[in-house]
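# Analysis of the macromolecular model
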There are 6 protein chains.
Amino acid sequence: MSPSKPRRFRRLLLTGAAGALGTVLRDHLPALADVLRVSDRAPLGEARDREEVVPCDLGDAAGMLDLTRDVDAVVHMGGVSGENRFADLHHANILGMYHLFEGCRKNGVARVVWASSNHAIGFYPRTRTIDATVPQRPDTAYGLTKAFGEDLAQYYQDKYGIEAVSLRIGSCFPKPVDRRMLATWLSYPDLVHLVERSLLAPAVGHTVVFGVSANQESFWDNRAASALGFRPGDNAEDYRAEIEASTPLVGPDDPLVRYQGGQFTAMPHADDEPD
Amino acid sequence: MSPSKPRRFRRLLLTGAAGALGTVLRDHLPALADVLRVSDRAPLGEARDREEVVPCDLGDAAGMLDLTRDVDAVVHMGGVSGENRFADLHHANILGMYHLFEGCRKNGVARVVWASSNHAIGFYPRTRTIDATVPQRPDTAYGLTKAFGEDLAQYYQDKYGIEAVSLRIGSCFPKPVDRRMLATWLSYPDLVHLVERSLLAPAVGHTVVFGVSANQESFWDNRAASALGFRPGDNAEDYRAEIEASTPLVGPDDPLVRYQGGQFTAMPHADDEPD
Amino acid sequence: MSPSKPRRFRRLLLTGAAGALGTVLRDHLPALADVLRVSDRAPLGEARDREEVVPCDLGDAAGMLDLTRDVDAVVHMGGVSGENRFADLHHANILGMYHLFEGCRKNGVARVVWASSNHAIGFYPRTRTIDATVPQRPDTAYGLTKAFGEDLAQYYQDKYGIEAVSLRIGSCFPKPVDRRMLATWLSYPDLVHLVERSLLAPAVGHTVVFGVSANQESFWDNRAASALGFRPGDNAEDYRAEIEASTPLVGPDDPLVRYQGGQFTAMPHADDEPD
Amino acid sequence: MSPSKPRRFRRLLLTGAAGALGTVLRDHLPALADVLRVSDRAPLGEARDREEVVPCDLGDAAGMLDLTRDVDAVVHMGGVSGENRFADLHHANILGMYHLFEGCRKNGVARVVWASSNHAIGFYPRTRTIDATVPQRPDTAYGLTKAFGEDLAQYYQDKYGIEAVSLRIGSCFPKPVDRRMLATWLSYPDLVHLVERSLLAPAVGHTVVFGVSANQESFWDNRAASALGFRPGDNAEDYRAEIEASTPLVGPDDPLVRYQGGQFTAMPHADDEPD
Amino acid sequence: MSPSKPRRFRRLLLTGAAGALGTVLRDHLPALADVLRVSDRAPLGEARDREEVVPCDLGDAAGMLDLTRDVDAVVHMGGVSGENRFADLHHANILGMYHLFEGCRKNGVARVVWASSNHAIGFYPRTRTIDATVPQRPDTAYGLTKAFGEDLAQYYQDKYGIEAVSLRIGSCFPKPVDRRMLATWLSYPDLVHLVERSLLAPAVGHTVVFGVSANQESFWDNRAASALGFRPGDNAEDYRAEIEASTPLVGPDDPLVRYQGGQFTAMPHADDEPD
Amino acid sequence: MSPSKPRRFRRLLLTGAAGALGTVLRDHLPALADVLRVSDRAPLGEARDREEVVPCDLGDAAGMLDLTRDVDAVVHMGGVSGENRFADLHHANILGMYHLFEGCRKNGVARVVWASSNHAIGFYPRTRTIDATVPQRPDTAYGLTKAFGEDLAQYYQDKYGIEAVSLRIGSCFPKPVDRRMLATWLSYPDLVHLVERSLLAPAVGHTVVFGVSANQESFWDNRAASALGFRPGDNAEDYRAEIEASTPLVGPDDPLVRYQGGQFTAMPHADDEPD
């Protein structure tokens, strides 16, 4: 993000600001807003320049109503980001999403950009290139709650006119570290660019896109992201030799490479685990 | 259902048996099973011949685990069936669906036939004929929870092999009573026939169908129901003169006829209502 | 049309009322309206009961503005109905359509049902089954002006909210008389039924349908007409033996059977003909 | 076939006339032709009235050239009709098809109607309704040779203009005898009707259709057959009670009901069998 | 265009040569032809080297017949290029297109490359990425006449074999000047390149493409232009900071950014304006 | 191929190693395998370092069984590569493919990458951009045998789990030499890259791709190759001026440019040629 651009928003809300992706975005979003309100239930440290720190739990309806007051748009990175017990997923990703959008509806927030996940469609096989209009096929209870979030975003667009961009994030890490990520990696700079475009592109309605860099291998048709002006700059291929040297080759029926969701498709049910 | 057919199931579970549709099915499902287990949180009266009455609240995880024990298949008509406060919808249609499928997973139940709703796709305009593969567009919080149920059924099929048929029921009443139902009506005999076919058709995976009679007007391409062997026998057209004489004509932008979900698309948010 | 139905319209306008299809409809439309205004540039005889006779030429902008005043809906059968010199087609089918819709716009007419033609898509081969969403492929200057009419109807719907049903009429005759009509025939009773449904179906936006009976042979997917409640009752197959006995067999490359538009695809240019 | 219809062909060739389907057709095709030439490598008995008996092996190129001389059209039911050693399939269904179409090309035969098989697409799951444009997925070496035949028919149409109808026959028997046939059955009268329509419909190019009756259960979208004027009259549903009483229920992963090709998808490789 | 390439045409006709786009092309087309015939009804100045100046009004049938004599191909930039009174649009864009193609038919001209407009499809929302095969949705009377031109070009291809490329030009200006043009801009060099490829690509039949540079934001799938060998070199993104600094932000329901046609979708009817 | 990458295979088999493409690959495949087994029926010279030379005729079932023993994967460039007498095509491309896959099945070979051809779909017109899922339309007996090979590869994937990549090679030459190759050229470096990606990409099932460089002109949507990680580096456009200067312009109906298969679509039947 170029600091010379005019700041588009008076106040932006960033949730999940203490998480991995939230931390990356916390550094870059100030370029777009006069004030960045950051929130998490984990500690966020001191407020930086032009920042407001507002701790909140997603399950707290009244707190979420306060949190979304006087903001122009939301970047929602909060929630449970991986397979977990249903009670926890449900608290953060179902009730939390509902509280967030209810807050936006009541407070007149115009747009929400949020972290959905490729695990909302993880049971498609790699041999099928999909775009963002195929029916969801979640691969975990986690993915199921992300599918719910997408349906909810569609509903608030159709009924209440709130705009939303659902980012089906692939594998967002400093660099790709296994063979699947050669296809699914999203670099941090590309994440920042994608969030920026999702905030700034005009008239998005509810748009679902894949959060993925310009990887040489890919099974996602990301035309919808192009329509937002997204032009990723990184390519996981640059890490192929390193990955192939450090990770074992797997057969074609290994979940890591058979399904788009990779190992998530083979994860045991979290509620079956002993405490 | 012909009584001369062999009973296919040892024990069938019918939830929501005290509701309108459950009451209709309670009369007919005994033809298919040696024992019909009926459940509801509302009173069900005395157990009939070859019936077991097992009251249960959908929000009760342990109770739902017991309820689904030793059954071959489930006809799930339970849940909140209309727009309502989110807390109530969430209790019955989100947690309840999760408890039901968890019970089926743990107890090895082979198939679930359940009442989804056209309100999971209600924001499509009438001018577009849709089939069951388009993305969901719920028209109410109610429809949103039904969309969740469909996603969940897909997940349990892909991950755990439980078969399911999601019935997007149109307007299931003794007869059509408004102009929209000329297109969306599902007669009671056709409901019974559709549930029977959904239980008996082989290898359904997770199939989504529209629950609608052979109405002359229709904006749903119900090919997936044909693949189950569904051949509806009733036609709302027989009631046109009666309906047109008794109901006012509405303009093309009236939600009743503009969107597939009809008036639900214009319902106020239930949580905004005073207690 | 059942005379016992309530009359839906206060005043209906029927153009082209002296033509073949207009004559059929003139007998049946009174069941739907308190007053039927009939128009043509050819003589129409005396006004019948509950009829107004208003002669008008489609090329007369001021006359068309008057003609469309105080009517609820229009059944537009007027225009040149076959290949002809471009000047004549242009006068009636391009300027005439424009004058008609301008009149409707200025006078607040809610809906237009009009005779487009299969010749707007006549250059598709018979081996391809098409629905109403494929790009137009007119087979004559006549078909070209009908394609213009469909584009215009779409424009007035999108911009001004006027509803329209474009009827791509196949071969509307008392009975089929050549081998192509075994697939394209529209009987008079089915024409009347289709016009009625097009007038009465709710919220049609701009809908394009094929005007064709329930013929055993067919290369048109007429799902959009089903959505209006159209259920044709006639079948050209009943005339097969008669037609096959009286008409020669033609080879697969004969335009009569190669293209959907039949012989029109091979017609010489009308402007090349001597006067 | 009505005997009062004019006979359309001077001479028709029927191959495989000693087989099950050939025997059925041998009784009915005389209504369409002045002379029916019947052929098989098995004995055919005495020539009937207006019949020519010409024995021939499909692997005999010169014989096939003679066989196709002076005929207007061919109904090709010959070949190996079931899984078998590749050498036998190859002889009859690959070389035989090539010899047949070469004979037609050299002798100017206008059209070939032939028995392809649903086993050319047998590996599609039942939960997917397919039409005739999806890529082939053969389920056996037998199905593979039928897929070859369809490709070959397309080639001779595109390159040499020979018309062809490839009939993907489902299960053609006097009555359905297992649970899969409730969806795939083709009755003998419907076979005769389909062959007749395939011979008589104008301008078919190369058309692929499913040979299946009007069964209540179905996973095939047979629109292309409708375009030929095919209106099947039988329905396997009439035999459901009988079949369900006499055959065991199978689970959803049993090949009989999981894939469209049924048990063929699980057949061992014929070349692995001892002699 | 490289001057070292062989000149492909003996004589090219450029209409609308005095307009903005015509002026750009007048400078570059001489590289492709021995003689460039330029035409307009506005003054064109002196004939340049290897140029013929032939003034003509598009409404003049005889003049257009003369104009198209002895030319190999036409680049038709003439016509009314913006919303206007229907009489003017009709004169230039309906009658003019007809006269042009009639001239080409009678004079044996092989190909026409012409300026259609994105306003032929302007009523699609920005949230839908479209290609060139969706039904037209004109946003103005102007767009309606461009849709007519495309239908006419298809007709002359199917019936008379005249090749055509319809260029749905986005916003062709020296640089983008409003927020919509960040998605729709066509630079002058890309215009020249697209016209060149449209003239030189082999066997185009009738091809519809979008005239748009390689902008980062885009809602058009321009695969058909790639098939012509079009590789745009400019990107409106380079002007984003400048545009965002100089133009106001608009909300999602502003026609400028809601529909693909932008402000044209909200233009008043030109015939309603006082003279 | 970078020599620093780990060798992925213990032993690779390359058939057709004496042919044009085989010769190119013989130089590069050693980077991927400890041992490269090269085969052809033509002389292959001395075995190079880490090479095994095993001559074999594709028609020799027993020889092919030996040839495929102890190999991890196959690059099958063998077979007749152009129009020829059916007996020769059949021997190499039908029986040969069968023998190859039978060998792989019996010997447990995991994957086959093989040279199919654009002539399997050559009868599609250039004006239609196709992807790899459209039905095959072979343009020659040669193309027909390649279509058979693709069907066979699909069958061995579905039934026996052998992975395969069918490369529909365009025009693989040192440089493009006619106007069609401006769209269909595959450079040698891009061939090597495509074969490498086809061998190394995980979980390919049976994937069909186009073997074509990044040419500016193109009528193939090669998304399936992108999913393998294919990023071609060459572009036939670099040779345009040279080709246009040295080859004649052809009209739009010339087979060279009308159909995707070019001149193959107009080749006479090889069996009609005198010996």
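To be clear, the structure that these remarks concern was listed above.
Now for a quick tour of the structure. Here the residue numbering is sequential within each chain, running from 1 through the sequence in written order. Think of it this way: whatever chain is written first is A, whatever ligand is written first is 1, and the rest follow in order. Totals for whole chains, interfaces and linings use all residues, but because this is a predicted model, local features are given only for residues with pLDDT of at least 70 and pairs of side-chain atoms are given and counted only at 80 or more. To get the side-chain values, all heavy atoms of the structure are used, and hydrogens and water are removed first.

## So, the overall build of chain A
For clarity, the cut-off: A run of H or I in DSSP counts as a helix once it spans at least four residues, and a run of E counts as a strand once it spans at least two, with each numbered from the N terminus. Burial classes follow relative accessibility: with a 1.4 Å probe on protein chains only, a residue under 20% of its type's maximum area counts as buried, one over 50% as exposed, and anything between as partly exposed. Each accessible area value is a Shrake-Rupley result obtained with a 1.4 Å probe; residue values ignore everything except the protein chains displayed when judging cover.
Check the secondary structure of chain A and you find nine helices and nine strands. Based on the C-alpha atoms only, the size of chain A along its principal axes is roughly 55 × 45 × 35 Å. A burial count over chain A gives 63% of its 275 residues as buried. For chain A, the computed accessible surface area is about 9300 Å², with 50% contributed by carbon and sulfur atoms.

## Re the side chain of Glu 217 of chain A
Applicable threshold: Residues adjacent in sequence count toward polar contacts only when both atoms are side-chain atoms; beyond that, a polar contact is any pair of N or O atoms within 3.5 Å, and within protein one must be able to donate a hydrogen and the other to accept it. What makes two residues a contact is simply this: any of their non-hydrogen atoms within 4.5 Å.
When you line up the elements, Glu 217 of chain A lands in the loop between β9 (206-211) and α7 (223-227). Within the local environment of Glu 217 of chain A, its side chain forms a polar contact with the side chain of Arg 126 of chain A, the two groups lying 2.8 Å apart. For Glu 217 of chain A, the contacting residues outside a window of four places in its chain are Arg 126, Leu 182, Ala 183, Glu 237 and Arg 240 of chain A together with Arg 197, Pro 202, Ser 226, Ala 227, Leu 228 and Gly 229 of chain F.

## Thoughts on the interface of chain D and chain F
Here is the rule: What gets called buried area is simply the loss in accessible area from a 1.4 Å probe that two parts show on being joined, summed for both. Here, a salt bridge means any side-chain nitrogen of Lys or Arg that lies within 4 Å of a carboxyl oxygen of Asp or Glu.
Between chain D and chain F, the contact holds 36 residues from the first and 36 residues from the second. Regarding the contact of chain D and chain F, the summed buried area is about 2900 Å², with carbon and sulfur atoms giving 59% of it. Where chain D meets chain F, there are four salt bridges. One salt bridge connects Arg 105 of chain D with Asp 272 of chain F, and the closest N-O pair in it is separated by 2.8 Å.

## Brief notes about the relation of the copies chain B and chain A
Inclusion rule: Least-squares superposition aligns the copies on the C-alpha atoms of those residues with pLDDT at or above 70 in both.
Superposition of chain B onto chain A requires a rotation of 180° combined with a translation of 0.0 Å along the rotation axis, giving an RMSD of 0.0 Å. The transformation relating the two chain copies, once decomposed into turn and shift, fits a two-fold axis. A shared interface surface links the copies, since 100% of the contact residues of chain B are contact residues in chain A too.

## Looking at the relation of the copies chain D and chain F
Superposition record for chain D on chain F: RMSD 0.0 Å, screw rotation 180°, translation along axis 0.0 Å. Both copies share a contact surface, since 100% of the interface residues of chain D are interface residues in chain F too.

## Thoughts on the interface of chain B and chain A
Many authors give the size of an interface as the accessible area that is lost as the parts come together. Contacts between the two partners involve 36 residues from chain B and, on the opposite side, 36 residues from chain A. In this structure, the connection of chain B to chain A is made through four salt bridges. Its salt-bridge partner being Asp 158 of chain A, residue Arg 137 of chain B comes within 2.6 Å of it at the nearest N-O pair. Breaking the side of chain B that touches chain A down by element, the ones donating at least two residues are α3 (86-107) and α4 (141-160) of chain B.

## Quick word on the sheet that holds strand β6 (residues 163-169) of chain C
Residue and element names in this part refer to chain C. Spelled out, the test is: What makes two strands pair is DSSP finding at least two bridges between them. Here the axes come from fitting lines to C-alpha atoms, over the contacting stretch only for helices, and the angles between their N-to-C directions go from 0 to 180 degrees.
An order of β3-β2-β1-β4-β5-β6-β9 is seen for the seven strands of this open sheet, with the pairing classed as parallel. Each edge of the open sheet carries a strand with a single partner, namely β3 (51-53) and β9 (206-211). Along the sheet, successive strands turn relative to each other by an average axial angle of 20°, direction set aside. Pairing analysis gives three bridges linking strand β2 (residues 33-38) to β3, with the strands arranged parallel. Paired with Leu 36 across the bridge in β3 is Glu 51. Sheet strands in contact with helix α1 (residues 20-28) are β1 (9-15), β2, β3, β4 (73-76) and β6, and its direction is about 160° off that of β1. The strands touched by helix α4 (residues 141-160) within the sheet are β5 (111-117), β6 and β9, with β5 carrying the most contacts at an inclination of about 155°.

## Quick word on the state of the cysteines
Residues and elements named next belong to chain D. Selection criterion: The rule for a disulfide is simple: a pair of cysteine sulfur atoms within 2.5 Å.
A full pass over the atoms with the stated rule returns zero disulfides over all chains. Between Cys 56, a free cysteine, and Cys 104, which holds the nearest cysteine sulfur, the sulfur-to-sulfur gap is 12 Å. With relative accessibility at 11%, the residue Cys 56 sits in the buried group.

## Description of the pattern of salt bridges
Within the structure shown, the criterion is met by 132 salt bridges over all chains. Residues Glu 244 of chain D and Arg 8 of chain B are paired through a salt bridge, measuring 2.8 Å at the closest nitrogen-oxygen approach. You can see Glu 244 of chain D sitting in helix α8 (residues 240-246) and its partner Arg 8 of chain B sitting in the segment before β1 (9-15), one on each of two chains. With respect to burial, Glu 244 of chain D and Arg 8 of chain B carry one shared label: buried. Put simply, Arg 8 and Arg 197 of chain A together with Arg 126, Glu 217, Glu 237, Arg 240 and Glu 244 of chain E are held in one network by salt bridges that share partners.

## What about helix α3 (residues 86-107) of chain A?
All names here are of chain A. The condition is simple: Take the number of residues in a helix, subtract one, and multiply by 1.5 Å to get its expected span. Two axes enter the bend calculation: one fitted to the seven residues ending at the residue in question, the other to the seven starting there, and the bend is the angle between them.
Taking 1.5 Å per residue, 22 residues should reach 32 Å; α3 reaches 30 Å between its end C-alpha atoms and fits that length. A maximum bend of about 35° is found in α3 at Gly 96. With 17 of 22 residues buried, α3 lies mostly within the body of the structure. Following α3 by one or two positions, Gly 108 has its phi on the positive side, about 70°.

## Some words on the arrangement of the chains
Across the gap from chain B to chain F, with no contact made, the nearest C-alpha atoms are 18 Å apart. One finds no contact between chain C and chain F; the C-alpha atoms of the two approach each other to within 14 Å at their closest.

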